[in-house]
Amino acid sequence: MEFTCDDALLQMYAEGLLGSVERSILAEHVKTCPRCRARVAAYKGLLWDLAQPDPEPEPLPPELDALSDRLMVAWAEEQAPKTWQKASLTWTRDVPVVDLALGAVGKVGHSLPRLGAAGLTSLARRLLRRGGGGR
Amino acid sequence: MELDEQIVSLCQRGRQDGFARLLLTYQERVYRRAYSFVHNRDDALDLTQDVFMKVIRTIGSFTPGRPLWPWLQRITTNAALNFLRDRPALLSLDGAENLPEPAGGEDPLEAAVTAWTSQQLSQALANLPPLLRMAVVLRHHEGLSYEEVAQAMEVPLGTVKTYLFRARKALRLELSREV
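Small disclaimer: the values here were computed from a predicted structure and weren't measured.

Visitor: Teacher, can you tell me more about the overall build of chain A here?
Guide: Helix and strand counts for chain A come out as 6 helices and 0 strands. Counting from the amino terminus, helix and strand elements in chain A follow one another as α-α-α-α-α-α. A buried classification covers 17% of the 135 residues belonging to chain A. Summarising the internal contacts of chain A: among those between residues at least 6 apart in sequence, 67% fall at separations of at least 24.

Below, the structure is given as structure tokens:
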């Protein structure tokens, strides 16, 4: 066992992170040390495989669609106060009260736009999944 | 990048279709990244929700023109770190890195040690302690530099190196044992 058999050094060698002098020393050592040669080969294989997209990723949970819907609701709720603010500013200029009220309900209460957008998200995701998807 | 700009522009105008597009483009990616950190479906779903709740609150101050994924990745990593900090055994390898080196040492072994399957690798990754797994995912799946991993995990550079060396040694030994 020599200093060059150090596992961390071998990993850095496999990863190409050593300076030129250390790299040459390791390269010479690896030629004559089968154990280190095996480790370097293993690390190179490992680094390569870790960088590849998972060929069989975990299937996506069906709850992701419901989560999308909940997040769309949260988005609408987060935007609601801003819409009210905008509406009241507009009202002071030229929008009749009735129109303002309908507009606010349309933007804040709005069950139809909310469900529509969330449904669109779910549908589009399902279509995308058919075409596959990587990491 | 253009898509990101559109998404950010729509979201910053409060448009619902902008946020729908953001979910459509990134929700699966965030879930998968969260899953790679925690290796548990329900926890990954919770993390995904946390990430997008944060996005809802903060996208108004996101700088237009910047790519969204690095920002989402950072939020996902932070959410996972906060989640994992409450868990025990963040770093303990239960002796996995102290396993004996495989027997042999000649060229046939060299061929054998790289012959694991993707399922074996995935299982070995799942067996790593969470912080070591996170370092491996950020470095090797996301392609971050050591410095970027240190920044993302909020630890010194030397700590990241230690995490990675320990993690990869444990992976090598576990995979060598299986073949």
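Visitor: Got a minute to help me understand the interface of chain B and chain A in this structure?
Guide: By convention, interface size is frequently given as the accessible area that disappears when the constituent parts associate. In this complex, chain B contributes 38 residues to the contact, which on the side of chain A involves 44 residues. Of all the secondary-structure elements, those providing two or more residues to the side of chain B that touches chain A are helix H2 (16-38), helix H3 (41-58), helix H5 (107-112), helix H6 (118-127), helix H7 (130-141) and helix H9 (157-178) of chain B. At 11 residues, the largest contribution of residues to the side of chain B that touches chain A is made by H2(B). Here the side of chain B that touches chain A is composed, by residue class, of 16 nonpolar, 12 polar and 10 charged.

Visitor: Could you clarify how one ought to interpret the nonpolar core in this entry?
Guide: Soluble globular proteins: nonpolar side chains tend toward being buried together. Of all hydrophobic cores here, the largest spans 67 residues; its most connected members are B:Ala34, B:Met134, B:Ala135, B:Val136, B:Val149 and B:Ala167. Not counting residues within four places of it along the chain, the set of residues in contact with B:Ala34 comprises B:Ala44, B:Leu47, B:Thr48, B:Thr76 and B:Ala80.

Visitor: Would you explain the packing of H2(B) against helix H4 (residues 68-85) of chain B in this entry?
Guide: Helix packing for two helices is described by the angle between their axes and how far apart those axes are. All names here are of chain B. Packing of H2 against H4 brings their axes to within 10 Å, and their N-to-C directions diverge by 35 degrees. In this structure, the crossing between H2 and H4 has a hand that is right-handed. Touching Tyr26, Val30, Arg33, Ala34, Phe37 and Val38 of H2 are Leu68, Leu72, Gln73, Thr76, Ala80 and Phe83, all from H4. Here the residues of the contact of H2 with H4 are counted per class, giving 9 nonpolar, 2 polar and 1 charged.

Visitor: Which parts of the structure should I look at to understand the packing of H7(B) against helix H8 (residues 146-153) of chain B?
Guide: Residues and elements named next belong to chain B. Between H7 and H8, the shortest axis-to-axis distance is 9 Å and the interhelical angle comes to 135 degrees. Accordingly, the angle class assigned to the pair H7 and H8 is oblique. Crossing of H7 over H8 shows right-handed handedness. Packed against H7, whose contacting residues are Met134, Ala135, Leu138 and Arg139, the element H8 presents Val149, Ala152 and Met153 at the interface. Taken together, the residues of the contact of H7 with H8 sort by class into 6 nonpolar, no polar and 1 charged.

Visitor: Would you mind showing me how to read the environment of B:Gln73 here?
Guide: Residues and elements named next belong to chain B. In this fold, Gln73 is placed in helix H4. Each C-alpha atom, one on Gln73 and one on Ser36, is 12 Å from the other, the two residues being 37 residues apart in sequence. For Gln73, the residues in contact, after removing those within four places along its chain, are Arg33 and Glu142.

Visitor: Sorry, what's going on with the environment of A:Ala27 here?
Guide: Considering the arrangement of structural elements, one finds A:Ala27 in helix H2 (residues 20-32). A residue is classified by how many C-beta atoms lie within 10 Å of it, and A:Ala27, with 13 of them, is partly exposed.

Visitor: Please explain the domain arrangement of chain B as it appears in this structure.
Guide: Residue and element names in this part refer to chain B. For chain B, the assigned domains are domain 1 (2-85) and domain 2 (96-178). Between domain 1 and domain 2, the residue contacts involve 9 residues of the former and 11 residues of the latter. When contributions to the side of domain 1 that touches domain 2 are tallied by element, the ones reaching two or more residues are H2 and H4. It is H4 that provides the largest number of residues to the side of domain 1 that touches domain 2, a total of 6 residues.

Visitor: Can you help me understand unusual backbone geometry in this one?
Guide: Backbone geometry follows two general trends: most residues other than glycine have a negative phi, and most peptide bonds adopt the trans configuration. Residues and elements named next belong to chain B. If you check the backbone angles, His39 has positive phi at about 50 degrees while not being a glycine. By C-beta crowding, His39 is classed as partly exposed, having 18 other C-beta atoms within 10 Å. One non-glycine residue, Glu154, adopts positive backbone phi at about 55 degrees. Checked against the element boundaries, Glu154 lands in the loop between H8 and H9.

Visitor: In this structure, what is going on with the environment of B:Gly60? I would like to understand it.
Guide: All names here are of chain B. Mapping Gly60 onto the fold places it in the loop between H3 and H4. Looking at Gly60, the number of C-beta atoms within 10 Å reads 12, which means it is exposed. For the pair Gly60 and Arg29, spaced 31 residues apart in the sequence, the C-alpha separation amounts to 22 Å.

Visitor: Whenever I open this one, the confidence of the model for chain B confuses me. Can you help?
Guide: Low-confidence regions, as indicated by low pLDDT, have predicted coordinates that should not be scrutinised in detail. Residues and elements named next belong to chain B. For chain B, mean pLDDT is 86; residues scoring 70 or higher make up 83% of the total. Element-level mean pLDDT values for chain B span from 50 in H5 up to 96 in H3. Contacts of residues 104-108 to residues separated by more than four positions or lying in other chains number 5 contacts, the stretch itself having pLDDT below 50. Here the predicted complex scores 0.73 on pTM and 0.79 on ipTM.

Quick notes on the rules
Residues numbered from 1 in each chain as written. Chains lettered and ligands numbered in written order. Predicted model: local features only at pLDDT ≥ 70, side-chain atom pairs only at ≥ 80, totals over all residues. Helix = DSSP H or I, 4+ residues; strand = E, 2+ residues; numbered from the N terminus. Buried ≥ 20, exposed ≤ 12 C-beta atoms within 10 Å, placed from the backbone. Contact = placed C-beta atoms within 7 Å. Nonpolar A, V, L, I, M, F, W, Y, C, P; charged D, E, K, R; others polar. Core = buried A, V, L, I, M, F, W, Y, C linked by C-beta atoms within 7 Å. Axes fitted to C-alpha atoms, helices over the stretch in contact; angles between N-to-C directions. Left-handed = near helix turned anticlockwise from the far one by under 90°. Parallel < 35°, antiparallel > 145°, perpendicular 65-115°, else oblique. Domains from an automatic or database assignment. pLDDT = per-residue confidence, 0-100.

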